[in-house]
Amino acid sequence: MILVTGATGTIGRPLVELLAAQGVRVRAVTRSPESAALPPDVEVVAGDPARPDTLADALDGASAAFLHPRAVGDAAFDFAKLAHEHGVRRLVALSAINIDDPLSAQPSRYRGDRNKEAEQAVIASGSEWVSLRASSFAVNVLQSGWNAQIRAGDVVRGPYADFAESPLHERDVAAVTAHAFLTDDLLGQRLELTGPQSLTHTDMVRIIGDVLGRQLHYEEVPAAMVRQGMVGRGFPEAFVDTLLSRYANGVGQPAPVTAQLEKILGRTRTFADWAADHAADFRN
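Residues numbered from 1 in each chain as written. Predicted model: local features only at pLDDT ≥ 70, side-chain atom pairs only at ≥ 80, totals over all residues. Heavy atoms only, no water.

Novice: How should the pattern of salt bridges be read in this particular structure?
Specialist: Here the idea is simple: oppositely charged side chains can pair when their charged atoms come close. Counted according to the given criterion, the structure contains 23 salt bridges. Among the ionic pairs, Arg 206 bridges to Asp 203, the shortest N-O distance being 3.9 Å. Of this pair, Arg 206 and Asp 203 both sit in helix H9 (residues 201–212), separated by three residues, roughly a single helical turn. Within the structure, one salt-bridge network assembled from shared partners comprises Asp 100, Lys 116, Glu 119, Arg 133, Arg 190 and Glu 192. (Salt bridge = Lys/Arg side-chain N within 4 Å of Asp/Glu carboxyl O. Helix = DSSP H or I, 4+ residues; strand = E, 2+ residues; numbered from the N terminus.)

Novice: Would you explain the packing of aromatic side chains in this entry?
Specialist: Two descriptors summarise a pair of aromatic rings, namely the distance from one centre to the other and the angle between the planes of the rings. Evaluated as defined, the whole model comprises six aromatic pairs. Seen in terms of ring centroids, Phe 271 and Trp 274 are 5.5 Å apart; in terms of plane orientation they differ by 20 degrees. Their pairing is stacked. Here Phe 271 and its partner Trp 274 are both found in helix H13 (residues 271–277), three residues apart, which amounts to about one turn of the helix. Each member of the pair, Phe 271 together with Trp 274, is buried. Assessed through its relative accessible area of 0%, Trp 274 is described here as buried. Put simply, the rings of Tyr 160, Phe 163 and Tyr 247 pair up and form one aromatic cluster. Lying over the aromatic face of Phe 239, Arg 111 brings its terminal NZ or CZ to 5.2 Å of the ring centre. (Phe/Tyr/Trp six-rings, centres within 6.5 Å; stacked < 30°, edge-to-face > 60°. Buried < 20%, exposed > 50% of the residue type's maximum accessible area, 1.4 Å probe, protein only. Lys NZ or Arg CZ within 6 Å of the ring centre and 35° of its normal.)

Novice: Any chance you could explain the nonpolar core here in plain terms?
Specialist: Nonpolar side chains tend toward joint burial in soluble globular proteins. Membership of the largest hydrophobic core comes to 54 residues, with the highest contact counts inside it found for Ile 208 and Trp 274. The element contributing the most residues to this core is helix H8 (residues 170–182), with six residues. Leaving out residues up to four positions away in the same chain, Ile 208 has contacts with Trp 146, Ile 150, Leu 216, Phe 271, Ala 275 and Phe 282. Core analysis: the second largest hydrophobic core is formed by 24 residues, Val 45, Leu 59, Ala 80 and Ala 93 among them. (Core = buried A, V, L, I, M, F, W, Y, C linked by side-chain atoms within 4.5 Å. Contact = heavy atoms within 4.5 Å.)

Novice: Is there a simple way to explain the environment of Leu 186 in this structure?
Specialist: Locating Leu 186 in the fold gives a position in the loop between H8 and strand S9 (190–193). By relative accessible area, which is 5% here, Leu 186 ends up buried. Expressed as a C-alpha distance, the spacing of Leu 186 and Ser 131, which sit 55 residues apart in the sequence, is 9.0 Å. Not counting residues within four places of it along the chain, the set of residues in contact with Leu 186 comprises Trp 129, Val 130, Val 176, His 179, Ala 180, Leu 191 and Ile 264.

Novice: Looking at this model, I keep getting lost on helix H1 (residues 12–21). Mind explaining?
Specialist: Because each turn of an α-helix spans 3.6 residues, side chains separated by three or four positions in sequence point in the same direction. Along H1, the residues classified as buried are Gly 12, Pro 14, Leu 15, Val 16, Leu 19 and Ala 20. On its buried face, H1 is in contact with strand S1 (2–4), strand S2 (26–30), strand S4 (64–67) and H8. Gly 23, located one to two residues past H1, shows a positive phi value of around 80 degrees.

Novice: Just checking my understanding: could you explain the sheet that holds S4 for this structure?
Specialist: Backbone hydrogen bonds are what pair the strands of a sheet, in a parallel or an antiparallel way. Strand order across the open sheet formed by seven strands is S3-S2-S1-S4-S5-S6-S9, with parallel pairing between neighbours. If you trace the sheet from one side to the other, it starts and ends with strand S3 (43–46) and S9, each paired once. Strand-to-strand twist in this sheet, taken as the mean axis angle between neighbours without regard to direction, amounts to 20 degrees. Across three bridges, the pairing between S1 and S4 is parallel. Bridge assignment links Leu 3 to a residue of S4, and that residue is Ala 65. Its contacts with the sheet put helix H4 (residues 76–85) on S1, S4 and strand S5 (90–96), and the angle it makes with S4 is roughly 175 degrees. With respect to the sheet, H8 is in contact with S1, S4, S5, strand S6 (128–134) and S9, its orientation differing from that of S5 by roughly 155 degrees. (Pairing = 2+ DSSP bridges. Axes fitted to C-alpha atoms, helices over the stretch in contact; angles between N-to-C directions.)

Spelled out as structure tokens, the structure:
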């Protein structure tokens, strides 16, 4: 039995689906089980990973668990300790490739991710462990509102056209996570996972256009204007400021690209593959 925190999120949902499709018993933890909409053979349980005491019963009988850094939050060490005490033999943590940057320079911390703590917690747990240090997810472009702009026209406006990422397909991350549970190949490793290409904002918009059969282009706008818009849409100010600083400091530098996904899965999905899988998000 594998217990999955963050089971309805960007990585948790495809992970649950992959494991269930392979006949693995899965116990999915969610704060809202009534709206989880997971495969029918998945056991869905109510609980709050940030309050590990609510999961004491759910951990009983689980041999492995997925620790999501936002779902668990500041309770990462308590969760990992409790899991080990309940006989969980293997912990896999989702972390981030920028984990060794100063904490104040990690934008996702200001949205609740505790990537460093998640990795440290599984290492210190006494259980077998794997840490997945992921680069940015391709799906972040949807959270940035590119899909709405593309549905409205042929221009995506945003900051720092020449800032580069190595975007990951969320299903590749889920596939590596499943591999970490189902084999012993990755035990005790901190794996740096990236997409196969370093792509600027300009590149990514062009590729989405190629997939859609449209000529799209990226138009850089001042960071101050972007900041005002993001804060107005409800993003925490500290997150926006840290994100824009990251962009400004990284302009003109290629994003790191590793071969880990290719080595583990025997293939990787490109950003064009991701765009094709999500084409409906960009069409009216």
